[in-house]
Amino acid sequence: MTSKIVELDSVWLILAAVVGAYAFLFGFLKKINEWYYVIRLGKKKHSSLPPGDMGWPFVGNMISFLRAFRSQDPDSFINNLVRRYGRTGIYKTSLFGNPSIIVCSPELSRKVLMEDELFVFGYPSSLTKLLGKKSLHGISNSEHRRLRKLLVAPINGHEALSVYIGYIEDIVISSLEEWVHNSSPIEFLTEWKKISFNVITKIFMGSADSFSESMAEHYGLILQGAFSPLPINVPGFTFRRALEARKILVSAIETHLDERRCKKVDDPKIKKGMIDLLLEAKDEDGEKLENEQIANLLLGFLFAGHETTAHIASWLTIYLHDHPEILRKAKEEQEEIVKRRPSSQKGLTLNEIRQMEYLSKVIDETMRLCGFPLLIFRKAKDDVEVNGYIIPKGWKVLVWNRGIHKHSEIYPNPNEFLPSRWDNLKPKAGSFIPFGAGSRTCPGADLSKIEMSIFMHYFLLNYRFERINPRSPVRFPSPSPKDNCVARITKLP
Ligand code: HEM
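Residues numbered from 1 in each chain as written. Predicted model: local features only at pLDDT ≥ 70, side-chain atom pairs only at ≥ 80, totals over all residues.

If you look the chain up in an unreviewed UniProt entry, it shows as Cytochrome P450 from Hibiscus sabdariffa. Entered under Subcellular location (unreviewed entry) in the UniProt record, the comment concerning the chain runs "Membrane". (UniProt positions renumbered as here; feature names shortened; annotations may be inferred.)

What follows is the structure, given as structure tokens:
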């Protein structure tokens, strides 16, 4: 009898210990971040912070963030905030090791992206380490303005880009022919990365020849390292591999620069590539730019310019093939363009690309739906007041594109692929920002759209696409099919 009472007592004791530990864990540990980051701001600021939760010590909300993205329901992270705190469009959180404010309303996103005097670039320091301190990421606002003007000249506007249409066509046509003759299915996303990498090296480096395919792979490693949850420079870690990839790329670019210094631009079709403009450019003190800075700037452009386009182009192809009626309309538009073409004309013209109105809507709808890029990072220069809330000095501000592009009040039936929604839709400022906004707006927007339009022209008219694993899960946070979109490409009869 006594031993039974003792046994019961121990059960109660264990239960009490478990409940106690649970209460400690959730009641105390969960408050540590809140105390650490929030309370030390002082009562006035503290009570004016947006709603939200600072997560666990050290990891913040990274676990629930990653869990949401691994669950194949990435919107659950933001939906959870909306459910708990209401549709304020602004929430406090702790992500990527920093106290942060998420903004996901058009008005707030626009303010954050447009007001450079209040917000500066705020990407994880791992990305700046990988792209270099003297890349577009690491320099002051005034130097950024000056260099950006110079850098975007070769890709600014359709007119400047019309020079490259022939090059892009050559790369696209030869890639398509190669895929058709491949005996086994191809990884469509990987192949697209090669297309966009070749296009961009041709435009920016003047030649793609000295850039082998492995260079594109090194860029893939940089992307993985830039957003790795543990950016540690230790063998075996993703970040270490990314740093090694950076070293290889910088050295390859510097070699190319040295060769280029000795050569003149000998191709009369290309006016002057970015590399030539940079070799001639001078800094604020009138000195020529050093090899290292030019290499960092080029590295950044090549990095920003090929993964992005390849991802969007892959989703564009997937969505079209999942929606036969939309595919048919897009194809008809391309047939019409060919019908109107004089028989003497070879290849596409800029004017024809401008006539691809339906395709342009399909591309916009793809960018809205696929959720790439997920986030744009900024940092508050000072305490900033918005909508009655305070964004404290030094906190990161995460513009959550995906939350805006999937907002049901802006885009009814947000999860449906409906290019027709763009027929009469003029998105309010800040509500469609796949290329960002303000002084850092993507300078490659026109180039990427032209690239995709040229590809789709030839692809829709002449080829058939068949995914081998149409149910392949999606990898996040940069959404892409886990199997890299394995597909068979065949020629239409
Ligand atoms: C569909 C494809 C693309 C998407 C969705 C995209 C998206 C973006 C976004 C959202 C930004 C703004 C980042 C910020 O404000 O922090 C950006 C910046 C940038 N993009 Fe793109 N991009 C694409 C293609 C390209 C291409 C083809 C190039 C190269 C020619 C390029 C080069 C850049 C550069 C250099 C920046 C930084 C600009 C600066 O800091 O001034 N992008 N891109």
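Picking up after the structure, the text goes on.
(A) How the structure looks around the overall build of the chain. On a plain count of helices and strands, the chain comes out with 19 helices and 12 strands. For 493 residues, the compact-globule estimate of 2.2 N^0.38 gives 23 Å, and the C-alpha radius of gyration of the chain, at 25 Å, lies within 12% of that figure. For the chain, the spread of C-alpha atoms along the principal axes amounts to about 100 × 60 × 45 Å. At a minimum sequence separation of 6, the contacts of the chain that also span at least 24 residues come to 72%. (Helix = DSSP H or I, 4+ residues; strand = E, 2+ residues; numbered from the N terminus. Rg over C-alpha atoms; globule rule 2.2 N^0.38 Å. Contact = placed C-beta atoms within 7 Å.)

(B) Just the environment of Ile253, in detail. Relative to the helices and strands, Ile253 is located in helix α12 (residues 238-262). In sequence terms Ile253 and Ile294 are 41 residues apart; their C-alpha atoms lie 8.8 Å from each other. Contacts of Ile253, omitting those with residues within four sequence positions, involve Ala295, Leu298 and Leu299.

(C) Spatial organisation of the site of the ligand. Around the ligand sit 22 residues in total, of which Ala304, Gly305, Gly436, Cys442 and Gly444 are the nearest. Broken down by element, the shell around the ligand gets its largest block of residues, 7 residues, from helix α14 (residues 291-322). For the shell around the ligand, the per-class residue count stands at 13 nonpolar, 7 polar and 2 charged. (Near = placed C-beta within 6 Å. Nonpolar A, V, L, I, M, F, W, Y, C, P; charged D, E, K, R; others polar.)

(D) Layout of the sheet that holds strand β4 (residues 186-187). A sheet is described by the order of its strands in space; here 3 strands give the open sequence β4-β12-β9, paired in antiparallel fashion. Every other strand in the sheet has two partners, leaving β4 and β9 (463-467) as the edge strands with one partner each. With 5 bridges joining them, β9 and strand β12 (residues 486-491) adopt antiparallel strand pairing. Residue pairing for β12: Tyr463 is matched across the bridge by Lys491. The strands that helix α9 (residues 165-180) touches are β4, β9 and β12; relative to β12, the one it contacts most, it runs at about 100°. (Pairing = 2+ DSSP bridges. Axes fitted to C-alpha atoms, helices over the stretch in contact; angles between N-to-C directions.)

(E) Region of interest: α12. Taking 1.5 Å as the rise per residue, α12 with 25 residues should run 36 Å; its terminal C-alpha atoms sit 37 Å apart, in good agreement. Within α12, the full set of buried residues consists of Phe239, Ala242, Ala245, Arg246, Leu249, Ile253, His256 and Arg260. (Expected span 1.5 Å × (residues − 1). Buried ≥ 20, exposed ≤ 12 C-beta atoms within 10 Å, placed from the backbone.)

(F) Highlighting the nonpolar core. Residues Val103, Phe204, Leu298 and Val397 are the most contacted members of the largest nonpolar core, which totals 114 residues. Those residues within four positions of Val397 in sequence are excluded, and the remaining contacts are Ile101, Val103, Val112, Phe119, Gly122, Arg378, Lys379, Ala380 and Ile391. (Core = buried A, V, L, I, M, F, W, Y, C linked by C-beta atoms within 7 Å.)

(G) Region of the structure containing the pairing of strand β1 (residues 90-95). Counting buried residues in β1 gives 6 out of 6 residues, a clear majority hidden from the surface. Sheet topology places β1 next to strand β2 (residues 98-103); 6 bridges connect them, and they run antiparallel. Bridge assignment links Ser94 to a residue of β2, and that residue is Pro99. Hairpin connection, β1 to β2: the antiparallel pair is bridged by 2 residues, and Phe96 has positive phi, about 50°.

(H) A look at the packing of α12 against α14. Between α12 and α14, the least distance of the axes is 9 Å, while the angle of their chain directions is 115°. Regarding α12 and α14, the two cross each other, and that crossing is right-handed. The segment α12 lies against α14, with Leu249, Val250, Ile253, Glu254 and Leu257 engaging Asn291, Ile294, Ala295, Leu298 and Leu299. The residue makeup of the contact of α12 with α14, split by class, is 8 nonpolar, 1 polar and 1 charged. (Left-handed = near helix turned anticlockwise from the far one by under 90°.)

(I) Summary view of the sheet that holds strand β3 (residues 119-121). Here 5 strands make up an open sheet; going across it, the order is β1-β2-β8-β5-β3 and the pairing mixed. Two strands in the sheet have a free side with no partner beyond their single neighbour: β1 and β3. Pairwise comparison of adjacent strand axes, ignoring direction, gives a mean angle of 35° for this sheet. In this structure, β3 lies alongside strand β5 (residues 375-380), joined through 3 bridges in antiparallel fashion. Note that in β5 the partner of Phe121 across the bridge is Arg378.

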